[in-house]
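# Structure at a glance
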Amino acid sequence: MWLGLLIAAAVLVVDQGSKYTVLDFLGVNTYIAYGDYFNIVRAWNTGVSFSMFNNYGNAGAWILSGAAAVIVVMLFFWLRKEHNRLIQVALGMIMGGALGNVIDRVRFGAVFDFLDVHIGDSHWPAFNAADSFICIGAALIVLEAVTAKLKKEKTK
């Protein structure tokens, strides 16, 4: 359990630190271009992934924060019982990322996204470190489940 909590704390520090640094770095700029495929941008997401449910204002921020807090509590109870270290790391990544975005919603009423990947005029929705850790953690859980299933089938 402690491994997952340590990872969650580290993710939270990286997420909040990167957001603070980028907000300070951007200053009055809306974006800074870095080559043909990447920008640092100032984007505020009041919704969830890919700006879904973006039209609910302050009520949406509190509802989404509450939902994320409930999910983090559920993941914590899973983490307490989990013996697989890879799953502990993955759960920590998801918990830390979710808490990082909850902190933004509580502080700002929206999540600060700043990583902008694009090809020409086609942009992937802006995201942040928390979003990246959440996706990596979820991918690790899926990868572990698939690997465990393949191992089980191989032993039959």
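Residue positions are given per chain, counting from 1 as you read along its sequence in written order. Per-residue local features are limited, in this predicted model, to residues with pLDDT of at least 70; the limit for side-chain atom pairs, both in listing and counting, is 80 or more; totals at the level of whole chains, interfaces and linings are taken over all residues. Just so you know, side-chain values use all the structure's heavy atoms and leave hydrogens and water out.

## Describing the sheet that holds strand β3 (residues 111–119)
At least two DSSP bridges between two strands are needed for those strands to be called paired. What counts as a helix is a DSSP run of H or I of at least four residues, what counts as a strand is a run of E of at least two, and both are numbered from the N terminus. Taken in spatial order, the four strands make up an open sheet running β1-β2-β3-β4, and their pairing is antiparallel. The two strands at the open ends of the sheet, each matched to only one other strand, are β1 (31–34) and β4 (122–123).

## Examining the environment of I32
Assignment of secondary structure puts I32 in strand β1. For the pair formed by I32 and D116, sequence separation is 84 residues and the distance between their alpha carbons is 9.9 Å. I32 has contacts with F25, L26, N39 and I40, leaving out every residue within four places of it along the chain. We call two residues contacting when some pair of their heavy atoms lies within 4.5 Å.

## Describing the nonpolar core
Here, nonpolar core means buried Ala, Val, Leu, Ile, Met, Phe, Trp, Tyr and Cys residues that are tied together by side-chain atoms lying within 4.5 Å of each other. Accessibility here uses a 1.4 Å probe with only protein chains present; expressed as a share of the type maximum, an area under 20% marks a residue as buried, one over 50% as exposed, and anything in between as partly exposed. Ranked by internal contacts, the top residues of the largest apolar core, which has 15 residues, are L75, L91, M93, M95 and I141. Of all the secondary-structure elements, those providing two or more residues to this core are α1 (2–26), α2 (57–81), α3 (85–108) and α4 (129–155). With eight residues, α3 is the single largest residue contributor to this core. In contact with M93, not counting residues within four places along its chain, are I7, V11, F133, I134, I136, G137 and L140. Core analysis: the next-biggest nonpolar cluster, separate from the first, contains seven residues, V22, L26, I40 and F112 among them.

## Section: the confidence of the model for the chain
Per-residue confidence for the chain gives a mean pLDDT of 91; residues scoring 70 or more make up 93%. Mean pLDDT across the elements of the chain ranges from a minimum in α2, with 89, to a maximum in α1, with 97. Confidence per residue, as judged by the predictor, is encoded in pLDDT with a range of 0 to 100.

## Notes on α4
In an α-helix, one turn spans 3.6 residues; hence positions three or four apart end up facing the same way. The length a helix should cover is 1.5 Å for every residue beyond the first. In this model, α4 (27 residues) spans 39 Å end to end at C-alpha, consistent with the 39 Å of a helix rising 1.5 Å per residue. Listed as buried for α4 are A129, A130, G137, L140 and I141. Nitrogen and oxygen atoms within 3.5 Å of one another constitute a polar contact, given that in protein one can donate a hydrogen and the other can accept it, and given that sequence-neighbouring residues count only through two side-chain atoms. Backbone nitrogen of A130 and a side-chain oxygen of the N-cap are separated by 2.9 Å at the start of α4; the cap is N128.

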